[in-house]
Amino acid sequence: MKRKLMCLVLAAMMLVCTGCLNPSALDQYSYVMSIGVDMGKQMRFNVTFLVQKEDESAEGKASGGAIYLTAEGDTLLEALETCHKGVPTMLSFSRINSINFSSEVAEAGLIEEFMSFSLDSLSMRQSVRLLITQGKAEDFLKGMTMGDKENIAKIQMSLKSFYELSGIFSLTNFALLIEAIDSRRLDVTLSLCGVDESVQPPQQQSGNSQGTGDGSGSDAGTGGGGTNQNAAQGGASGAEDKKDTTAGVFRSGGMKAYVSGSALFDGWKMVGTLNAPDTQLMLIARGEFKQGKITFNGIGDGILEGRFELIESPKVKTNTQDGLFAEFDISLRCSIITDTAEVTRSMSGEAIEQAMAAQLEEGLERVFLGCRSLNSDAFHLGRVFSKNFILISEWESFDWKSRYKDVNASFNVKVKLDGRYSPGLWE
């Protein structure tokens, strides 16, 4: 009886235990959500830490407040040590979502040097996303303000959702970068970011706005979107670096920071960029395109826009006997959402499908040739060609990257209209 009573008493005591041996543990850390890496003046790098701000108010939680810490260092750990000298808490990287490099750092091939630290030593996950900013990465992180309040929701949750909804930028993490470098079967493409300096906080905006949108929707920042054949010479070029536009389009309101397009890499080094429409084509060829709006000019006398999605993963046939050749078979489903010239009335569905497929094939070939000219295997063809080899040693001896510029590719696209005229993208 006494034993049962003792067990009941112990069980009751366990219910009121908090399970926390150190009640001040939660106050010892500040959580870094993102890192910005620029070229330093005194030392190798200028590193910006975007730190989650504790805010108990409902408004603070909704906006995802943050503070910024910046220090120079020859390594990340040196910059971190300098920041620790001026903050009351330790910086934790267990919640970090992204690392943003300036294009200057990426074009100099310094990402490898910066990422030479052990991720495990900082409890940093290999799934951390990598981004490139045209300009300063510090400005991008500080550009994530809206209504005079820092907003980190863009890099925390919205980035992946926006990627799946639009396909206008790449989404790559550190693990894929290491796979690309070690396996030599592909080159990564990183999200391309920018800062629109013309965007002002609400109280500073004039009544005479020249904006054309707030950056929302699957066509935000595309500069016309879709299969614009003049978007980038050869399919790859420097994206618009105007500081008073969002990827070349005027905008008013929202955050200064935006994401649109992709940075092309040859190994560790950034070698070029793709704009948003060309990024969509690249993702379609790789089978990573979820859905998005694509615009066609030249089918009729107006603008024809469709919401596209892959019916199945592209099928790629390769030939290594008579040169290196890849043939893509791509099937897409389309819902027409804008038809300013009433093409859907003047042309048959089959004729529209063929016209769309022809423009997509032309765009895919143009983008592929542009990437190939930069020695960037952005279409991940190395993954496909490597399947022709049984042994790893045979693949390594083949020396894929030295042969990549000799690869030719063709694209066979089939478009299937779903038979409905959708009145809006968001239905």
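Since the model is a prediction, treat every value here as computed from it, not as a measurement.

So, about the overall build of the protein. Scanning the protein from N- to C-terminus turns up 14 helices and 14 strands. When burial is assessed residue by residue, the protein has 47% of its 427 residues classed as buried. In the protein, once contacts between residues fewer than 6 apart in sequence are set aside, the share between residues at least 24 apart is 74%. Accessible surface computed for the protein: about 21000 Å², of which carbon and sulfur atoms make up 50%.

Mean pLDDT over the protein works out to 80, with 75% of the residues at or above the 70 mark. Predicted confidence is poor over residues 56-63, with pLDDT under 50, and the contacts of this stretch with residues over four places away or in other chains come to 10 contacts. Here residues 204-241 scores under 50 on pLDDT; set against residues more than four positions off or in separate chains, the count is 91 contacts.

This brings us to the packing of helix H9 (residues 276-286) against helix H11 (residues 349-373). Contact pair H9 / H11: the axes reach a minimum separation of 9 Å and the direction vectors enclose 95°. Overall, the two elements H9 and H11 adopt an arrangement that is roughly perpendicular. Of the residues in H11, those touching H9 at Asp 278, Leu 281 and Ala 285 are Leu 360, Gly 363, Leu 364, Arg 366 and Val 367. The residue makeup of the contact of H9 with H11, split by class, is five nonpolar, one polar and two charged.

Counting 63 residues, the largest nonpolar core has Phe 308, Met 356 and Phe 379 as the members making the most contacts within it. Sorting elements by how many residues they give to this core places H11 first, with eight residues. Apart from the residues within four sequence positions on either side, Met 356 is in contact with Phe 296, Ile 299, Leu 304, Phe 308, Cys 334, Ile 336, Val 415 and Leu 417. Ranked by size, the runner-up nonpolar core spans 43 residues in total, among them Leu 69, Ile 96, Leu 119 and Leu 122.

Bringing the environment of Gly 298 into the picture now. Relative to the helices and strands, Gly 298 is located in the loop between strand S10 (292-297) and strand S11 (303-310). According to the relative accessible area criterion, Gly 298 is exposed, its value standing at 64%. Note: C-alpha distance between Gly 298 and Met 356 (58 residues apart in sequence) is 9.9 Å.

Right, let's get into the pairing of S11. Within S11, six of the eight residues are buried, which leaves it mostly tucked inside the rest of the structure. For S10 and S11, the ladder comprises six bridges, and the chain directions are antiparallel. Residue Ile 294 lies in a different strand from S11, and its bridge partner there is Gly 306. Linking S10 to S11, which pair antiparallel, is a turn of five residues; within it Gly 298 sits at a positive phi near 105°. Relative to strand S13 (residues 325-339), S11 runs antiparallel, the two sharing seven bridges. From the neighbouring strand, Arg 307 faces S13, where its bridge partner is Ser 335.

Of all 10 residues in strand S8 (residues 257-266), nine are buried, a share of seventy percent or more. Where strand S7 (residues 189-195) and S8 come together, six bridges link them in antiparallel fashion. Looking at S8, one finds that Thr 189 is bridged to Leu 264. The turn linking S8 back onto strand S9 (residues 269-274) is made up of two residues, and Gly 267 within it adopts a positive phi angle of 70°.

Time to look at the packing of aromatic side chains. One pass over the full model with this rule turns up 18 aromatic pairs. Centre to centre, the rings of Phe 49 and Phe 93 are 6.1 Å apart; their planes meet at 65°, and the pair counts as edge-to-face. Of this pair, Phe 49 sits in strand S2 (residues 45-52) while Phe 93 sits in the loop between strand S4 (90-92) and strand S5 (98-102), placing them 44 residues apart in sequence. Judged by its relative accessible area of 1%, Phe 93 falls in the buried class. When the centroid spacing of 6.0 Å and the interplanar angle of 45° are considered together, the rings of Tyr 163 and Phe 169 count as tilted. Judged by its relative accessible area of 9%, Tyr 163 is buried. For Phe 169, a relative accessible area of 0% puts it in the buried group. Aromatic rings pair up to connect Phe 385, Phe 389, Trp 395, Phe 398, Trp 400 and Tyr 404 into one cluster.

Turning our eyes to something else, we now look at unusual backbone geometry. Even without a glycine there, the phi angle at His 380 is positive, about 60°. Within the secondary structure, His 380 sits in the loop between H11 and helix H12 (381-385). Phi at Asp 399 takes a positive value of approximately 55°, unusual for a residue other than glycine. Tracing the backbone shows Asp 399 in the loop between helix H13 (392-398) and helix H14 (400-403).

Once that is clear, we can look at the pattern of salt bridges. Tallied over the full model, the rule gives 14 salt bridges. Put simply, Arg 383 and Glu 179 hold a salt bridge, and the shortest N to O gap is 3.0 Å. One end of the pair, Arg 383, is in helix H12; the other, Glu 179, is in helix H8 (residues 174-183), with 204 residues separating them in the sequence. Given a relative accessible area of 28%, Glu 179 falls into the partly exposed group. Two residues, Arg 345 and Glu 342, come together in a salt bridge whose shortest N-O distance is 3.9 Å. Assessed through its relative accessible area of 70%, Arg 345 is described here as exposed. Here Glu 342 falls in the partly exposed class, since its relative accessible area comes to 43%.

Rules used throughout
Residues numbered from 1 in each chain as written. Predicted model: local features only at pLDDT ≥ 70, side-chain atom pairs only at ≥ 80, totals over all residues. Heavy atoms only, no water. Helix = DSSP H or I, 4+ residues; strand = E, 2+ residues; numbered from the N terminus. Buried < 20%, exposed > 50% of the residue type's maximum accessible area, 1.4 Å probe, protein only. Contact = heavy atoms within 4.5 Å. Areas by Shrake-Rupley, 256 points an atom, 1.4 Å probe, with all protein chains shown as cover. pLDDT = per-residue confidence, 0-100. Axes fitted to C-alpha atoms, helices over the stretch in contact; angles between N-to-C directions. Parallel < 35°, antiparallel > 145°, perpendicular 65-115°, else oblique. Nonpolar A, V, L, I, M, F, W, Y, C, P; charged D, E, K, R; others polar. Core = buried A, V, L, I, M, F, W, Y, C linked by side-chain atoms within 4.5 Å. Pairing = 2+ DSSP bridges. Phe/Tyr/Trp six-rings, centres within 6.5 Å; stacked < 30°, edge-to-face > 60°. Salt bridge = Lys/Arg side-chain N within 4 Å of Asp/Glu carboxyl O.

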